[in-house]
Amino acid sequence: MLFVQDLSHSFGNREVLHEINLEVEQGQILAIMGSSGGGKTTLLKCMSGLLVPSQGDVIVDGVSVRREPDQARRNLGLVFQYAALFDYLSVRDNILFGVERRRRMSAKQKDELVAEMLDAVSLEASAATQLPSELSGGMRKRVGLARALAMEPKVILYDEPTSGLDPITAYSIDRLIVDTRERLGVTSIVVSHDVNSVYRVADRIAFLEAGRMVFVGTREEFEEARVGGIDELVQKARANNFSYIVREIG
Ligand SMILES: Nc1ncnc2c1ncn2[C@@H]1O[C@H](COP(=O)(O)OP(=O)(O)OP(=O)(O)O)[C@@H](O)[C@H]1O
Ligand SMILES: [Mg+2]
């Protein structure tokens, strides 16, 4: 479904991604983890066609991002790290922003689409007329997802969808990512720092360190992996989970 092939990228003469190869099957959720500055956002940008990689290619549903960027971009939805909504547009207009440019719709069709998308991300219909500044962080992330879904992408790329959210809201966003996959069969890639969140959503986990993909595998393999910063991350997650349980019981 989605293939990253020998992808490298440099900003100026600084290489930030080195010969990345990755394969994601239709309907799967792949999580990408890794230390800050490791190149995760850059990789998502290359996948989505926002950046042309210095070398290599990304193939989405048989379409090359390098050779047919416009066609490839149609297949991809990107949910940004900081929601990236247009502050001066209502939730409704944010959701319609991309679709309106792609196809003509009657006012009724627009209303229906907005209602359907708000429902898909579990927001009330009344949110349509609000401005992003009037929403909580979790709601803004939902609107970001609604905007991506409105374009009917085959692949959704999420850049840290739960960062900056409290654990309960983060949990609800995780549920939303899984539900969206179940409902639409959409292939998903989720960049995240949160091991427990990754365990909840991902079929497979990839680990990017200083521009290199040092690990790709299942959760079980991840827990046994002794490469890069994985070991430390797994230990910390166990400790966190443990103290959480202790607090709950005690
Ligand atoms: N437009 C740019 N121009 C120059 N350097 C950039 C640009 N975007 C990112 N970089 C650099 O590329 C490297 C990878 O950045 P990237 O944002 O992809 O990391 P990341 O893994 O997403 O980090 P974080 O976890 O903090 O979001 C960093 O060293 C960053 O400074
Ligand atoms: Mg990033």
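The model shown is predicted, which means the values in this text are computed figures rather than measured ones.

Asker: Talk me through the site of ligand 1; I want residue IDs and the actual numbers.
Answerer: The environment of ligand 1 is made up of 14 residues, and the closest members are Ser36, Gly37, Lys40, Thr41 and Thr42. In this structure, arginine 14 approaches ligand 1 through a side-chain N or O atom, which is 2.8 Å from an oxygen atom. Glycine 38 has a polar backbone atom sitting 3.2 Å from an oxygen atom of ligand 1. For ligand 1, the accessible surface in isolation is 630 Å², of which the surrounding protein chains cover 62%. If you list the elements that add at least two residues to the shell around ligand 1, you get β2 (14-24) and α1 (40-48). Ranked by the residues each element gives to the shell around ligand 1, the list is headed by α1, at three residues. Class assignment for the residues of the shell around ligand 1 results in two nonpolar, nine polar and three charged.

Asker: Please set out the side chain of lysine 40 residue by residue, giving values where relevant.
Answerer: For lysine 40, the location among the structural elements is in helix α1. Of the side chains bearing the opposite charge, glutamate 160 lies closest to the buried lysine 40, which forms no salt bridge; the N-O distance is 4.7 Å. Of note is the side chain of lysine 40, whose polar atom sits 3.2 Å from the backbone oxygen of glycine 34. Of note is the side chain of lysine 40, whose polar atom sits 3.1 Å from the backbone oxygen of serine 35.

Asker: Tell me what's going on with helix α5 (residues 137-150), and back it up with residues and numbers.
Answerer: For α5, spanning 14 residues, the distance from its first C-alpha to its last is 20 Å, which sits close to the expected 20 Å at 1.5 Å a residue. Along α5, 11 of the 14 residues are buried, which leaves the element largely enclosed by surrounding structure. Residues of α5 that are buried make contact with β6 (76-79), α3 (91-102), α4 (107-120), β7 (155-159) and α6 (167-184).

Asker: Talk me through the packing of α3 against α5; I want residue IDs and the actual numbers.
Answerer: With their axes 8 Å apart at the nearest point, α3 and α5 run at an angle of 30° to one another. The pairing of α3 with α5 is recorded here as roughly parallel in orientation. Both α3 and α5 take part in a crossing whose hand is right-handed. Here α3 contributes Val91, Asn94, Ile95 and Val99 to the contact with α5, which in turn contributes Val143, Ala146, Arg147 and Ala150. A class-by-class count of the residues in the contact of α3 with α5 yields six nonpolar, one polar and one charged.

Asker: Can you explain the sheet that holds β7? Please cite residues and give values.
Answerer: As summarised here, the arrangement of the six strands in space is β6-β7-β8-β3-β9-β10, forming an open sheet in which the pairing is mixed. Each edge of the open sheet carries a strand with a single partner, namely β6 and β10 (212-217). This sheet shows a mean twist of 15° between the axes of neighbouring strands, independent of strand direction. Judged from the four bridges that link them, strand β3 (residues 29-33) and strand β9 (residues 204-209) form a sheet pairing that is parallel. What sits directly across from isoleucine 32, in β9, is alanine 206. Across the sheet, α5 touches β6 and β7, and the angle it forms with β6 is around 170°.

Asker: Pulling in residues and values, what's your account of the domain arrangement of the chain?
Answerer: Here the chain is partitioned into domain 1 (2-75 + 153-249) and domain 2 (87-152). Domain 1 puts 17 residues into the contact, and the matching count from domain 2 is 12 residues. The three residues of domain 1 that bury the most area against domain 2 are Arg74, Pro153 and Leu176, which together make up 45% of that side's buried surface. There are zero salt bridges connecting domain 1 and domain 2. Connecting domain 1 to domain 2 are four residue pairs in polar contact (both at pLDDT 80 or more). Elements with a minimum of two residues in the side of domain 1 that touches domain 2: β7 and α6.

Procedures and definitions
- Residues numbered from 1 in each chain as written.
- Chains lettered and ligands numbered in written order.
- Predicted model: local features only at pLDDT ≥ 70, side-chain atom pairs only at ≥ 80, totals over all residues.
- Heavy atoms only, no water.
- Near = heavy atom within 4 Å.
- Polar contact = N/O pair within 3.5 Å; in protein donor to acceptor, adjacent residues only side chain to side chain.
- Areas by Shrake-Rupley, 256 points an atom, 1.4 Å probe, with all protein chains shown as cover.
- Helix = DSSP H or I, 4+ residues; strand = E, 2+ residues; numbered from the N terminus.
- Nonpolar A, V, L, I, M, F, W, Y, C, P; charged D, E, K, R; others polar.
- Buried < 20%, exposed > 50% of the residue type's maximum accessible area, 1.4 Å probe, protein only.
- Lys, Arg positive; Asp, Glu negative; His and termini not counted.
- Salt bridge = Lys/Arg side-chain N within 4 Å of Asp/Glu carboxyl O.
- Expected span 1.5 Å × (residues − 1).
- Contact = heavy atoms within 4.5 Å.
- Axes fitted to C-alpha atoms, helices over the stretch in contact; angles between N-to-C directions.
- Parallel < 35°, antiparallel > 145°, perpendicular 65-115°, else oblique.
- Left-handed = near helix turned anticlockwise from the far one by under 90°.
- Pairing = 2+ DSSP bridges.
- Domains from an automatic or database assignment.
- Buried area = accessible area lost by both parts, 1.4 Å probe.

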